[in-house]
Amino acid sequence: RKPMTIPEIQKMHLQGEKITVLTAYDYPFARIMDEAGIDIVLVGDSVGSTVAGYDNTLPVTMDDMVYHTRAVVRAVRQALVVTDLPFLSYQIDVTEACRNAGRLVKEAGAQAVKLEGGEPMAETIAAIVRMDIPVMGHIGLTPQSIHRMGGYRVQGRKDEQARQLLADARAVEQAGAFALVLEGIPASLARQITAELSIPTIGIGAGVDCSGQVLVIHDILGLCEKYSPKFVKRYADIAPLIREGVDAYIREVRTGEFPTAEHSFN
Ligand code: KIV
Ligand code: NA
């Protein structure tokens, strides 16, 4: 398999091939999904919820994203690595956004960045693209907007909101983004946006007609036990496996079954 690149993603889209995306935040997970043949590894700011245990993604910092991206980049041989710009790293002004996008590429090794927002972010997306840093857009249910939305709710159900999301999608494409994440919107709206754009749409809770799909790795493996949205499909349930291993270890240390001479140095 060839290393995945932006032109390669464009080619896949032209040929109508579905684009597969999963999140990863560390070396072992990134390694496994890269070897499995995933197209894009997204170092999402969902790391705040999945790994750091925060209630939402807002506390995640640039330093967090650099650290996790470095771990992922060291593991990945084939996939394209895209990293999220975290809350407050790109909203204040375009210059700061460009500097932070640059950090993710230069210090961490990301090949592209992702940021949330439509029309209001068009200028920022265009400026980052002008630095030759590819940008993935993200509209609909944007987790960094949790306080405006009043929780994680499906967006674009009302006509006016749907029209705005279509305008947002066009603005993101116009600004030069290479792909657009559609999160938590009605399937019919996602189908319409996908039909109107020439760049690929990557759906998460956005129906069956997007050009690709993304999910959070901890969600599909059953590692997020407290909250699981409707759009998640659980492909494996590894929490009980982990618990089994940990239980066995504790038991054997307590009973003296582990370690044995086999695990000892002479
Ligand atoms: O942070 C994240 O994991 C994301 C994807 C779910 C799109 O932004
Ligand atoms: Na994100």
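Rules used in this analysis
- Residues numbered from 1 in each chain as written.
- Chains lettered and ligands numbered in written order.
- Predicted model: local features only at pLDDT ≥ 70, side-chain atom pairs only at ≥ 80, totals over all residues.
- Buried ≥ 20, exposed ≤ 12 C-beta atoms within 10 Å, placed from the backbone.
- Helix = DSSP H or I, 4+ residues; strand = E, 2+ residues; numbered from the N terminus.
- Pairing = 2+ DSSP bridges.
- Expected span 1.5 Å × (residues − 1).
- Arc of directions from axis to C-beta.
- Contact = placed C-beta atoms within 7 Å.
- UniProt positions renumbered as here; feature names shortened; annotations may be inferred.
- Core = buried A, V, L, I, M, F, W, Y, C linked by C-beta atoms within 7 Å.
- Axes fitted to C-alpha atoms, helices over the stretch in contact; angles between N-to-C directions.

## Focus: the pairing of strand 7 (residues 201-204)
So, step 1. Residue alternation in strand 7 divides its side chains into two sets, T201 and G203 and I202 and I204, and both sets are buried.
So, step 2. Examined bridge by bridge, strand 6 (residues 179-183) and strand 7 share 4 bridges and lie parallel to one another. Residue pairing in the sheet places V181 in a bridge with I202 of strand 7.

## Concerning helix 4 (residues 62-75)
So, step 1. Its 14 residues give helix 4 an end-to-end C-alpha distance of 20 Å, which sits within 8% of 20 Å, the value for a rise of 1.5 Å per residue.
So, step 2. For helix 4, the full list of buried residues reads M65, H68, T69, V72 and A75. Around the axis of helix 4, the buried residues are gathered within 115° of arc, so they sit on the same side. Projecting away from the buried face of helix 4 at angles above 90 degrees are the exposed residues D63 and R74.
So, step 3. Packed against the buried residues of helix 4 are helix 2 (27-36), strand 2 (40-43), helix 3 (47-50), strand 3 (80-84) and helix 5 (94-106).

## As for the UniProt feature "binding site: Mg(2+)" (unreviewed entry) in the protein chain
So, step 1. What UniProt calls "binding site: Mg(2+)" (unreviewed entry) maps, in this numbering, to D45, D84 and E116. Look at the named residues: they lie 72 residues apart in sequence, but the longest C-alpha span between them is just 10.9 Å, so in the fold they bunch up.
So, step 2. Checked against the element boundaries, D45 lands in the loop between strand 2 and helix 3.
So, step 3. Judged by C-beta crowding, with 30 C-beta atoms within 10 Å, D45 ranks as buried.
So, step 4. If near-sequence neighbours (up to four positions away) are discounted, D45 is found in contact with T57, V60, M65, D84 and P86.
So, step 5. If you trace the backbone, E116 turns up in the loop between strand 4 (112-114) and helix 6 (122-130).

## A word on the nonpolar core
So, step 1. If you look at the biggest cluster of nonpolar residues, it comprises 69 residues, and the most contacted ones within it are I40, V41, V113, A177 and L180.
So, step 2. Sequence-distant contacts of V113, defined by excluding residues within four places in its chain, comprise V82, T83, L85, A101, L104, I128, I133 and V135.

## Examining the sheet that holds strand 2
So, step 1. Reading around the barrel, the 8 strands line up as 1-2-3-4-5-6-7-8 and close back on themselves, with parallel pairing between neighbours. Within the sheet, the average angular offset between the axes of one strand and its neighbour, ignoring direction, is 25°.
So, step 2. Here 3 bridges tie strand 3 to strand 4, and the two strands are oriented parallel to one another. By the bridge assignment for strand 4, D84 is matched with K114.
So, step 3. Sitting on the sheet, helix 1 (residues 6-14) touches strand 1 (19-23), strand 3, strand 4 and strand 6, and the angle it makes with strand 1 is about 130°.

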